[in-house]
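Here is how the chains run, residue by residue.
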Amino acid sequence: MGLFKKKLKQEHKIMLQAERAAGALLPEYHRATPECPHPERWHMYDSMTAEAEVLEFLRTLVTTLKPTLIVETGSFLGVSTLWMAEGLAANGFGKIISCEFDPVVFARAQEKIAASPFAPFIELRNESSLEMTVGGAIDIFFSDSDVDIRAAEVERFLPQIRPTGLILMHDASSHMKTVRDAAFALEAKGLVSCIVLPTPRGLVLAQRREGRR
Ligand SMILES: C[S@@+](CC[C@H](N)C(=O)[O-])C[C@H]1O[C@@H](n2cnc3c(N)ncnc32)[C@H](O)[C@@H]1O
């Protein structure tokens, strides 16, 4: 319980820092890894929100794949949600369901999304990824919640993810080994095939093996 409380406080602290920074871009400050020796070449808004270049990549994936349904776990302030929703708006259809289980963080994300022109494409839920249910087939699943539950949430939603769909697991650098190992464990079980993009925080792109032709 002590650890859990500390973690929530950290999220609230970063939330306040992000609000003070008011959208200013900073050099990425996650430490260098063998696969990404120059993290400072990337940019970030804050240390919770995905790297700015990863946000651009997410939007481009959405315009490239034309998804009907995106599911995101871990909205934080809704920044990655909004970038993907911008892609949906460019496509003219589709929906992103994003869940954030911390009620304080959720309330801030909700305000931000309500003020955005992309709000009609977004369904924000104040619930845990391990309890949330969604209907229909998922085209893009972006796993970005608590690092310790990423494997569990991917496995939970796997039957609903289209074999042609894409699974993304953020924070999979060799420094933050938990998510990287979780992705490799899913691969070793024969559930997915992965590639790991060497961004500062690491991004796994995976696809279901079952149903692949
Ligand atoms: C890394 S941040 C998400 C960043 C966001 N996707 C972005 O790039 O803008 C992780 C968030 O996941 C939330 N979280 C942690 N465990 C969760 C769970 N089981 N279900 C939903 N959200 C969770 C945390 O409160 C935190 O706000």
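Above this text you will find the structure in question.
None of these values were measured; they are calculated from a predicted model.

To continue, consider the nonpolar core. Counting 32 residues, the largest nonpolar core has Leu-58, Ile-70, Met-84, Ile-96 and Leu-168 as the members making the most contacts within it. Of all the secondary structure elements, the ones that give two or more residues to this core are helix 1 (2-21), helix 2 (52-65), helix 3 (79-91), helix 4 (103-114), strand 5 (122-125), strand 6 (138-143), strand 7 (161-170) and strand 9 (203-208). Among residues more than four places away in sequence, those in contact with Ile-96 are Ile-70, Glu-72, Thr-81, Met-84, Ala-85, Leu-88, Phe-121, Ile-122 and Glu-123. Residues Leu-69, Cys-99, Val-154 and Ile-167 belong to the second largest nonpolar core, which totals 23 residues.

Every one of the 21 residues lining the ligand counts as a neighbour, but Ala-50, Gly-74, Ser-80, Glu-100 and Asp-144 are closest to it. Interatomic distance of 2.9 Å between a side-chain N/O atom of Ser-80 and a nitrogen atom of the ligand. The separation between a nitrogen atom of the ligand and a polar side-chain atom of Ser-128 is 3.2 Å. Notes on the ligand: free accessible area 610 Å², of which the protein chains cover 97%. Broken down by class, the residue content of the shell around the ligand amounts to 7 nonpolar, 7 polar and 7 charged.

Right, let's get into unusual backbone geometry. In the Ramachandran plot, Phe-76 falls in the positive-phi region, its phi being about 45° despite a non-glycine side chain. Looking at where Phe-76 falls in the secondary structure, it is placed in the loop between strand 3 (69-73) and helix 3. Given a relative accessible area of 8%, Phe-76 falls into the buried group. One non-glycine residue, Asp-171, lies in positive phi territory at about 70°. Turning to its location among the elements, Asp-171 is positioned in the loop between strand 7 and helix 6 (177-188).

On to the pattern of salt bridges, then. Side chains bearing opposite charge may pair, as long as their charged atoms lie close to each other. One pass over the structure, following the stated rule, counts 12 salt bridges. A salt bridge links Arg-125 to Glu-127; the nearest nitrogen and oxygen atoms lie 3.0 Å apart. With a relative accessible area of 19%, Arg-125 lands in the buried category. Note that Asp-181 and Lys-177 form a salt bridge whose closest N and O atoms lie 3.2 Å from each other. Taken as a pair, Asp-181 and Lys-177 lie in helix 6 at a separation of 4 residues, close to a single helical turn. A residue is classified by how much of its surface remains accessible, and Asp-181, at 37% relative accessible area, is partly exposed. Judged by its relative accessible area of 46%, Lys-177 falls in the partly exposed class.

Glancing now at the pairing of strand 8 (residues 192-197). It is a general feature of regular strands that their side chains alternate between the two faces of the sheet. One ladder, built from 6 bridges, connects strand 8 with strand 9; its direction is antiparallel. Residue pairing for strand 9: Ser-193 is matched across the bridge by Gln-207. Between strand 8 and strand 9, which pair antiparallel and follow one another directly, the connecting turn spans 5 residues, one of which, Gly-202, has a positive phi of 80°.

The rules behind these values
Residues numbered from 1 in each chain as written. Predicted model: local features only at pLDDT ≥ 70, side-chain atom pairs only at ≥ 80, totals over all residues. Heavy atoms only, no water. Core = buried A, V, L, I, M, F, W, Y, C linked by side-chain atoms within 4.5 Å. Buried < 20%, exposed > 50% of the residue type's maximum accessible area, 1.4 Å probe, protein only. Helix = DSSP H or I, 4+ residues; strand = E, 2+ residues; numbered from the N terminus. Contact = heavy atoms within 4.5 Å. Near = heavy atom within 4 Å. Polar contact = N/O pair within 3.5 Å; in protein donor to acceptor, adjacent residues only side chain to side chain. Areas by Shrake-Rupley, 256 points an atom, 1.4 Å probe, with all protein chains shown as cover. Nonpolar A, V, L, I, M, F, W, Y, C, P; charged D, E, K, R; others polar. Salt bridge = Lys/Arg side-chain N within 4 Å of Asp/Glu carboxyl O. Pairing = 2+ DSSP bridges.

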